[in-house]
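# Summary of structural features
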Amino acid sequence: MVDVLKKVFLTPPEISGRVREMADEISRDYAGREILVIGVLKGAFVFMADLIRALSVPCRTDFIRAASYGAGTESSGAIVITKDVELPVEGRDVLIVEDIVDSGLTLLHIMDTLKSRNPRSIKVCTFLDKRKRRKVHFEADYVGFTMDDGFIVGYGLDFNEQYRFLPAVYVLEPASACAQEENG
Ligand code: PRP
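Bear in mind that the values here come from a model prediction, so they are computed numbers and not experimental data.

### With respect to the overall build of the chain
The number of helices and strands found in the chain is three helices and nine strands. Scanning the chain from its N terminus toward the C terminus, one meets helices and strands in the order β-α-β-α-β-β-β-α-β-β-β-β. For 184 residues, the compact-globule estimate of 2.2 N^0.38 gives 16 Å, and the C-alpha radius of gyration of the chain, at 16 Å, lies within 12% of that figure. Projected onto its principal axes, the C-alpha positions of the chain cover 55 × 40 × 25 Å. The 184 residues of the chain split such that 46% are buried. Intrachain contacts of the chain at a sequence separation of at least 6 include 67% that bridge at least 24 residues. On the chain, roughly 9,200 Å² of surface is accessible, and the fraction owed to carbon and sulfur atoms is 51%.

Here you go:
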């Protein structure tokens, strides 16, 4: 058995068009300011690379990484920062960039962590939003696309660290029966 890329969910032109729209909206909102763009590793790196190059306002970039711990396939909600940002956050206009928001637990923890360092402002931009799977109340400020359930890969999103390089987003049917959990 092999993994099957069942169908294309988002084509490269659909992705680039929406990224351009998001970058235009963000550039308008931050006109005259410099953004500190913080990508959440690893999934966000492809989206972030396209997004920052489409901005018309200056930005500095940094990365943060978080892991969730719990029994079985469902997260317990215990989120730990495994790689912190390296630039100071205090007084900065921070924009956190994610590939996907699912339960919302990762971003809630990252937001709380960064807010405690007194940024001037803090917002979240996500490429995908699985709103129906929230376990906590969390709304992103900029959302590329919303989706329901399903396992997707490509454009930074992985399955077992594979498929991040794909330029489109695909619905994946994993070969392994134990791999039926959702992204996130
Ligand atoms: C994914 C995604 C978010 C998080 C969202 O990361 O990139 O960071 O899960 O899930 P949540 O809303 O339920 O907390 P993942 O842990 O798969 O790591 P990766 O980005 O390195 O693939």
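### Looking at the site of the ligand
Surrounding the ligand, one finds 17 residues, the nearest of these being Glu-98, Asp-99, Ser-103, Gly-104 and Thr-106. Elements supplying a minimum of two residues to the shell around the ligand: strand S2 (35-41), strand S5 (93-101) and helix H3 (105-115). Top element by residues in the shell around the ligand is S5. It accounts for four residues. Classifying every residue of the shell around the ligand gives five nonpolar, five polar and seven charged.

### Description of the side chain of Glu-98
Note that Glu-98 resides in strand S5. Discounting chain neighbours no more than four positions away, the residues touching Glu-98 are Val-40, Ala-44, Phe-47, Thr-106, Leu-107, Cys-125, Thr-126 and Phe-127.

### Digging into the sheet that holds strand S1 (residues 4-10)
Across the sheet, which stays open at both edges, the three strands sit in the order S1-S9-S8 with antiparallel pairing between neighbours. The open sheet is flanked by S1 and strand S8 (152-153), the only strands paired with a single partner. The pairing of S1 with strand S9 (residues 169-173) spans five bridges and is classified as antiparallel. Counted as the bridge partner of Lys-7 is Val-171 from S9.

### Examining the packing of aromatic side chains
Evaluation of the coordinates by the stated rule reveals four aromatic pairs. Between the aromatic rings of Phe-47 and Phe-127, the centroid separation amounts to 5.3 Å while the plane-to-plane angle is 45°, which identifies the pairing as tilted. Taken together, the residues span a long stretch of sequence, with Phe-47 in helix H2 (residues 45-54) and Phe-127 in strand S6 (residues 121-129) at a distance of 80 residues. One exposure class covers both Phe-47 and Phe-127, and it is buried.

### Notes on the nonpolar core
Counting residues in each nonpolar core, the largest one holds 31 residues, and the members touching the most others are Ile-26, Phe-47, Leu-51, Val-97, Cys-125, Phe-127 and Leu-128. Secondary-structure elements contributing two or more residues to this core are helix H1 (12-29), S2, H2, S5, S6, strand S7 (142-146) and S9. If we skip the residues at most four places from it in the chain, Phe-47 touches Val-19, Met-22, Val-97, Glu-98, Cys-125, Thr-126, Phe-127 and Tyr-155. Ranked by size, the runner-up nonpolar core spans 21 residues in total, among them Leu-36, Leu-105, Met-111 and Ala-140.

Conventions we followed
- Residues numbered from 1 in each chain as written.
- Predicted model: local features only at pLDDT ≥ 70, side-chain atom pairs only at ≥ 80, totals over all residues.
- Heavy atoms only, no water.
- Helix = DSSP H or I, 4+ residues; strand = E, 2+ residues; numbered from the N terminus.
- Rg over C-alpha atoms; globule rule 2.2 N^0.38 Å.
- Buried < 20%, exposed > 50% of the residue type's maximum accessible area, 1.4 Å probe, protein only.
- Contact = heavy atoms within 4.5 Å.
- Areas by Shrake-Rupley, 256 points an atom, 1.4 Å probe, with all protein chains shown as cover.
- Near = heavy atom within 4 Å.
- Nonpolar A, V, L, I, M, F, W, Y, C, P; charged D, E, K, R; others polar.
- Pairing = 2+ DSSP bridges.
- Phe/Tyr/Trp six-rings, centres within 6.5 Å; stacked < 30°, edge-to-face > 60°.
- Core = buried A, V, L, I, M, F, W, Y, C linked by side-chain atoms within 4.5 Å.

Read these as geometric descriptors, not functional statements.
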